[in-house]
Amino acid sequence: MKSWTSATAARVTALSIGLGALSAGPPAQALQANRERHSYPISEIVLEYSLDHPRHIPPEEILDLEVGLVSTEEGFVAPRPVDRTYRMKLSTLPPNARFFPS
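What counts and what doesn't
- Residues numbered from 1 in each chain as written.
- Predicted model: local features only at pLDDT ≥ 70, side-chain atom pairs only at ≥ 80, totals over all residues.
- Heavy atoms only, no water.
- Helix = DSSP H or I, 4+ residues; strand = E, 2+ residues; numbered from the N terminus.
- Buried < 20%, exposed > 50% of the residue type's maximum accessible area, 1.4 Å probe, protein only.
- Contact = heavy atoms within 4.5 Å.
- Areas by Shrake-Rupley, 256 points an atom, 1.4 Å probe, with all protein chains shown as cover.
- Pairing = 2+ DSSP bridges.

(A) Examining the overall build of the protein chain more closely. For the protein chain, the helix and strand inventory stands at 3 helices and 5 strands. Listing every helix and strand of the protein chain by position from the N terminus yields α-α-β-α-β-β-β-β. Counting the 102 residues in the protein chain, one finds 14% classified as buried. In the protein chain, 45% of the contacts between residues at least 6 apart in sequence involve partners at least 24 apart. Entry remark: accessible area of the protein chain is about 8600 Å², with carbon and sulfur atoms responsible for 59%.

(B) Structural detail: the pairing of strand E2 (residues 66–71). Pairing analysis gives 4 bridges linking E2 to strand E4 (residues 86–89), with the strands arranged antiparallel. Following the sheet pairing, Val 67 is matched in E4 by Met 88. Sheet topology note: the E2/strand E3 (residues 76–77) ladder contains 2 bridges and is antiparallel. Within E3, the residue paired with Ser 71 across the bridge is Phe 76. What sits between E2 and E3 in their antiparallel hairpin is a turn of 4 residues.

Following this line, the structure appears as structure tokens:
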């Protein structure tokens, strides 16, 4: 029984070290630079259904929904729970809007 416990402890330690190395990740500046490279200029949102169905919500109603986004100097990003949001309708994007993945 003692050898099983030692072997199990060695595996758990190796797993912990491996997970620690994975969670270290790149520095925040590298993440920000990566996010900026992957921004998307959006001038208009167009909604289309691939198949018609009488119970579909009309696309105009969806575009009139207000969404909360975080407005940055470079564009918009999805909010985190602690962020103050900028509310806008999907149908009225500001000119030259850029969206960043979250």
